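The lines below spell out each chain.
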Amino acid sequence: MEFKYDVIVIGAGHAGCEAAAAAANLGSKTCLITMDMNKIGQMSCNPAVGGIAKGQIVREIDALGGYMGLVTDRTAIQFRMLNRSKGPAMWSPRAQCDRGKFIWAWRDILENIPNLHIWQDTVEELLVDNGQVTGVVTCWGVTFYAKCVILTAGTFLNGLMHIGHKMLAGGRCAEPASYHLTESIIRHGITAGRMKTGTPVRIDARSVDFGLMETQDGENDFHHFSFISEPRKLKQLQCWTCFTNEEVHETLRKGLSDSPLYNGQIQSIGPRYCPSIETKIVTFPDKPQHQLFLEPEGESTRELYLNGFSSSLPMEIQLEALKKVPCFRNIVVYRPGYAIEYDYFDPTQLTHTLETKQVKNLFLAGQVNGTTGYEEAGGQGIIAGINAHINCHGGEPFVLGRDEAYIGVLIDDLVTKGVDEPYRMFTSRAEYRILLRQDDADMRLTERAYKLGLVKQDRYDMLCRKRAEIERIIEFTKGYSIKADKINDALENIGTAKLAHGCKLIELLSRPQITIENIAPHIPAFKAALDMITERKEEIIEAAEVLIKYRGYIDRERLIADKIHRLESIRIQGKFDYANLQSLSTEARQKLIKINPETLAQASRIPGISPSDINVLLVLLGR
């Protein structure tokens, strides 16, 4: 073997898998180094993909030619579209997956990608020469040389697990931590910090009284994560819900003095939006109950995941508290919940391509950048993989704007604002969320991926056919006239006001009570136009209906985004000596020196930079 590559990816979690696949599919000779080939794509916590805003990211990864959506669809044991009662900007797909099958689906993909080699080992040292990465050295003493290195080590860098007073080194339960690599990296001027996350108890289904729980069924319609997926093949399963009570809370309070979170044992910051159960009872002392979700870990396993009960309390406290929940009175567990501390690197040290500013051709992606979640990691991974390939072979950097993708929002937030706690994506973080819907991720991104070479011709042709069909439907509704006397009986049955005079079909479809599905049977010409769709019919109809109903909001948001693009086009990097700009506030000078923004728009998003500071820069630019 010759240990020389274009791109080396360290870590085979969700960021590493997407990064390695993207670089290799674009033509870079790539090596994915992982501690354990049997844990590729391991779902360290909940065996689920998607959720609020996270589901949109997975659709974007798929639209860019990534694999998380495909793997999820192949291994899904329950699918739901969240937030259906709200507008389409909020609709978010989520799937429960078979944990074991998820790993093997990823392996099947990765081991069959040309240009991609997998090596089982632990990286201990980063090789850098004259400020540029040249390779890595593993714990077995193997030296790999590469033009680019992508670090996606997750929670493994100096990982330390906590259950009560017990502390154990590790990157995940029963898996060793990674040592020396952080120290090798900070030697080159990159700063590191510590963060914390946690995971809940795993329960034996045979010990649960399901009759005392509410069931939560999935959906089995046309929705999937991937735009090119086949129908789900695994058995679709139920989830269940229950609630804690005051007896549970009292037991938990009794153990707080032994909680690593409250006795000073853990110093680092945990995820605000996925708190431990002990954090919930401390933060909300007057709340009498907290909802718990019991979710299957696989199609046939008896192991269940208790969502909402993340904890690092002593094991006996966790068990005693759970037995106060009626459905868990006879509970048997496979393992208790635990917390884990790990190293991360300040993401403001990165450019929008996820390359470090201090070391050329070193990229960071995933939890090492201070994020939390498989989806956020995968989104960073595919961008890092694309840009590492570009650095090896030439081309313009690949960056997504805040109006193009949630991935663009995620990365811009990280590199511009930094993090003081594990970052989680929400729809509220995106100022253009009506433009970033889950239904149109392929419309936004697949053509860009096609131009890169990450999406092949057949998929691009499929996109073109879909776009043409959507446009055909919309044009039909714009041109087709509705006569009041022909439609009023149907409108009355649907529960909406009758027409006083005729109108175009598109105006009728703008009513909230009317959908394409309930009106088409009453308009034969429209039904015939819909029947002409030969592939992905339901998906196309839904996409067309969203564009029809929300066209005013979409157009207005696009207008606002286009105005902001004017600031994005004003490049300021290297044009100012911020330290000597006395017309700026001290805080503004310090923040601008630290971030060194590429554009005026990025500067405007830095916390602490005021509109007046931006005006000063505009005046100095002569604009």
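Scroll up to find the structure.
Summarised in this report is the structure supplied together with it.

Conventions we followed
- Residues numbered from 1 in each chain as written.
- Predicted model: local features only at pLDDT ≥ 70, side-chain atom pairs only at ≥ 80, totals over all residues.
- Heavy atoms only, no water.
- Helix = DSSP H or I, 4+ residues; strand = E, 2+ residues; numbered from the N terminus.
- Rg over C-alpha atoms; globule rule 2.2 N^0.38 Å.
- Buried < 20%, exposed > 50% of the residue type's maximum accessible area, 1.4 Å probe, protein only.
- Areas by Shrake-Rupley, 256 points an atom, 1.4 Å probe, with all protein chains shown as cover.
- Lys, Arg positive; Asp, Glu negative; His and termini not counted.
- Charge placed at Lys NZ, Arg CZ, Asp CG, Glu CD.
- Disulfide = S-S within 2.5 Å.
- Pairing = 2+ DSSP bridges.
- Contact = heavy atoms within 4.5 Å.
- Salt bridge = Lys/Arg side-chain N within 4 Å of Asp/Glu carboxyl O.
- Axes fitted to C-alpha atoms, helices over the stretch in contact; angles between N-to-C directions.
- Left-handed = near helix turned anticlockwise from the far one by under 90°.
- Nonpolar A, V, L, I, M, F, W, Y, C, P; charged D, E, K, R; others polar.

Our next topic: the overall build of the chain. Helix and strand content of the chain: 21 helices and 21 strands. The C-alpha radius of gyration of the chain comes to 26 Å, within 12% of the 25 Å expected for a compact globule of 623 residues. Overall, the chain is about 80 × 70 × 55 Å in size when its C-alpha atoms are taken along their principal axes. Counting the 623 residues in the chain, one finds 57% classified as buried. A total of about 25600 Å² of accessible surface is found on the chain, and carbon and sulfur atoms cover 52% of it. Across the chain, the mean location of the 73 positive side-chain charges is 2 Å away from that of the 77 negative side-chain charges.

As used here, a disulfide is simply a covalent bond connecting the sulfur atoms of two cysteines. Considering all chains together, one arrives at zero disulfides under this definition. In this model C139 remains outside any disulfide bridge; the closest cysteine sulfur is found in C31, 14 Å from its own.

With that settled, the discussion passes to the pairing of strand β16 (residues 303-310). For β16, the tally of buried residues reaches six of eight residues, placing the bulk of the element in the interior. One ladder, built from four bridges, connects strand β15 (residues 291-296) with β16; its direction is antiparallel. Counted as the bridge partner of L294 is L306 from β16. Counting the residues that bridge the hairpin from β15 to β16 gives six residues.

Note: most peptide bonds trans; most residues except glycine with negative phi. Notably, N115 is not glycine yet its phi reads approximately 75°, a positive angle. Among the structural elements, N115 can be located in the loop between α4 (99-110) and β6 (116-120). Judged by its relative accessible area of 41%, N115 is partly exposed. You will see that L354, though not glycine, has its phi angle at about 75°, which is positive. Within the secondary structure layout, L354 lies in the loop between β18 (338-345) and β19 (362-364).

Along the chain, P422 falls in the loop between α10 (406-417) and α11 (441-452). A relative accessible area of 4% means that P422 is categorised as buried. For the pair P422 and G373, spaced 49 residues apart in sequence, the C-alpha to C-alpha distance is 9.2 Å. Ignoring sequence-local partners within four residues, the contact set of P422 consists of M195, K196, I269, G270, P271, Y342, G370 and T372.

Applying the stated criterion across every chain, the model contains 48 salt bridges. Two residues, R94 and E295, come together in a salt bridge whose shortest N-O distance is 3.2 Å. Highlighted residues: R94 in strand β5 (residues 92-97) and E295 in strand β15, separated in sequence by 201 residues. Considered together, R94 and E295 belong to a single accessibility category, that of buried residues.

On to the pairing of strand β11 (residues 166-169), then. Examined bridge by bridge, strand β10 (residues 160-163) and β11 share four bridges and lie antiparallel to one another. Pairing of I163 across the sheet is with K166, part of β11. Once β10 ends, the chain turns through two residues before running back antiparallel as β11, passing G164 with a positive phi of about 60°.

Before going further, it helps to examine the packing of helix α2 (residues 54-63) against α11. A pair of packed helices is captured by two measures, namely the crossing angle of their axes and the spacing between those axes. It is at 8 Å that the axes of α2 and α11 come closest, and there the two elements cross at 35°. Crossing of α2 against α11: the hand is right-handed. Residues R59, E60 and A63 of α2 form the contact with α11, whose participating residues are A441, D442, R444, L445, T446 and A449. A per-class count over the contact of α2 with α11 returns four nonpolar, one polar and four charged.

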